[in-house]
Amino acid sequence: MDSQQAAEHLEVIRTLMERSAIYRRALAPVMTLAGTLGIFGALAGWLLHFESPFAFSAYWLVIGILTAISAFLLVRQQAVKQREEFWSPPTRRVVHAMLPALLIGFLLGVVVVIAEWKNGAADWTAVAPVVDLTWLPLSWILLYGCALHAAGFFTPRGLRWFGWLYLLAGSVVLIAWSLFGMRSARPQLTGHLLMGIFFGVLHLAYGTYLSITEKRKNAT
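Basis of the calculations
Every chain is numbered on its own, with residues counted from 1 as its sequence reads. pLDDT decides what is reported in this predicted model: residues at 70 or higher carry local features, side-chain atom pairs at 80 or more are listed and counted, and totals for whole chains, interfaces and linings draw on all residues regardless. Computation of side-chain values: all heavy atoms of the structure, hydrogens and water removed. Secondary structure elements are defined from DSSP: runs of H or I of at least 4 residues count as helices, runs of E of at least 2 residues count as strands, and each element is numbered from the N terminus. The buried label goes to any residue with under 20% of its type's maximum accessible area, the exposed label to any with over 50%, and the partly exposed label to all in between, with areas taken from a 1.4 Å probe on protein chains only. Every residue pair with non-hydrogen atoms within 4.5 Å of one another is taken to be in contact. Centres within 6.5 Å make a pair out of two Phe, Tyr or Trp rings, where for Trp the six-membered ring is used; the pair is then stacked when the planes are under 30 degrees apart, edge-to-face when over 60, and tilted otherwise. Helix span, expected: 1.5 Å multiplied by one less than the number of residues in the helix. The pLDDT value expresses, per residue, how confident the predictor is, ranging between 0 and 100. Each patch is built from residues lacking any salt bridge and having more than 30% relative accessible area; the joining distance is 9 Å for like charges and 5 Å for nonpolar side chains (Val, Leu, Ile, Met, Phe, Trp, Tyr). Methods summary: accessible areas were calculated by the Shrake-Rupley approach with a probe of 1.4 Å, and residue burial reflects only the protein chains presented. In what follows, salt bridge is the name for a side-chain nitrogen of Lys or Arg lying within 4 Å of a carboxyl oxygen of Asp or Glu.

Examined against the element boundaries, serine 57 turns out to sit in helix α2 (residues 53–81). Residue class for serine 57 comes out buried when judged on its relative accessible area of 0%. Dropping the residues within four chain positions of it, serine 57 is found in contact with Gly109, Val112, Val113, Leu136 and Trp140.

The structure is reproduced here in C-alpha cells:
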C-alpha cells in the first residue's frame, strides 16, 4: 500500500467517524423526543378512552405525524445550530431507506380509519371480530423495525440492531398472540400498551443510551 492509498483510507475512516458522531448527536434528542411523545400518547389514549378502532387508529396516526414533524424540526434546528447542511446526501439516503416501510404503515392506519368511518361503527365490539386492535399496532411495530433496519445500512450499526429489536420482539408478541390467543376484553387498551412500550419506552431508553455514551466520548 503506497502513501496515497493509505491517506485515502485514513480519510474514509475519518469521514465515517465524523458521520457516526453526527448521527449519534442527532439521534439522541430525536429518540428521547419520540419516546416521550409515545409514552404520553399511550397514557392519554388510555385515560381518554379512545376505544373504537376509528378513534384508536386516527389518534395514533395523529401522534405519529406530530412526532415526525417534531423530529424534523428538531434535526433542522440542530443542523442550523451546527452550521451543517440539513438535506444532505446521507440524510436523503436514510429517509429514502425508511420511507417504504413507514408509508405502508401509514396507509394501513388510513385504511382502518376510512373503513371504520364508512361503516359508522361507534362501538368497538361491533367490529372486534373483523378488526382486532392488537394487530394494527403489531403491524406498525414490525414495519418500523424494517424501516430502522434499512436506515441502519447508512448509519452506525446500533440503529440496525435497534431495528432488529423491534422485529424480534414484535415477532415474539405476534406469535404468542397467534398461539395462545392472548386477547383482552378491551383490545384497544392492549394496543395503547403496545404502542407505549415499543414507541415510547424503547425510544426513550435508546435516546438515553445514546446521550450517556456520547457524553462519555466527549469526556475522554
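Now for the packing of aromatic side chains. Applying the stated criterion across every chain yields a total of 9 aromatic pairs. Taking 4.6 Å as the distance between ring centres and 35° as the angle between the ring planes, the aromatic pair formed by phenylalanine 50 and tyrosine 59 counts as tilted. Exposure remark for tyrosine 59: the relative accessible area of 14% places this residue in the buried category. Where phenylalanine 162 meets tyrosine 206, the ring centres are 4.3 Å apart and the plane angle is 15°; that geometry is what we call stacked. A residue pair is termed long-range when its members are at least 10 positions apart, and phenylalanine 162 in helix α5 (residues 157–180) and tyrosine 206 in helix α6 (residues 187–219) qualify at 44 residues. When sorted by exposure, phenylalanine 162 lands in the same class as tyrosine 206, which is buried.

Its 17 residues give helix α4 (residues 135–151) an end-to-end C-alpha distance of 24 Å, which sits within 8% of 24 Å, the value for a rise of 1.5 Å per residue. By the criterion of burial, α4 is predominantly enclosed, with 13 of the 17 residues buried.

Now for α2. In a regular helix each residue adds 1.5 Å, so 29 residues correspond to 42 Å; α2 covers 42 Å between its end C-alpha atoms and thus fits that length. For α2, the complete set of buried residues consists of Pro53, Phe56, Ser57, Tyr59, Trp60, Leu61, Ile63, Thr67, Ala71, Gln78 and Ala79. Looking one or two residues beyond α2, the residue adopting positive phi is arginine 83, at roughly 55°.

Assignment of secondary structure puts leucine 194 in helix α6. A relative accessible area of 8% means that leucine 194 is categorised as buried. Through-space distance from the C-alpha of leucine 194 to that of leucine 138 is 7.8 Å; in sequence the pair is 56 residues apart. Ignoring sequence-local partners within four residues, the contact set of leucine 194 consists of Thr134, Pro137, Leu138, Ile141, Val173 and Phe199.

Segments scoring low in pLDDT should not have their predicted coordinates read at a detailed level. For the chain, the average pLDDT comes to 79, and 75% of its residues sit at 70 or higher. Every residue in residues 6–18 is under pLDDT 50, and counting partners more than four places away or in other chains gives 2 contacts.

On to a nonpolar patch on the surface. A grouping of Ile65, Ile69, Phe72, Leu73, Leu99, Leu103, Phe106 and Leu107 is seen on the molecular surface, where their side chains present a nonpolar patch of about 730 Å² in accessible area. Those elements that place two or more of their residues in the nonpolar patch are α2 and α3 (89–119). Locating phenylalanine 72 in the fold gives a position in helix α2. Relative accessible area serves as the criterion here: at 42%, phenylalanine 72 is assigned to the partly exposed category.

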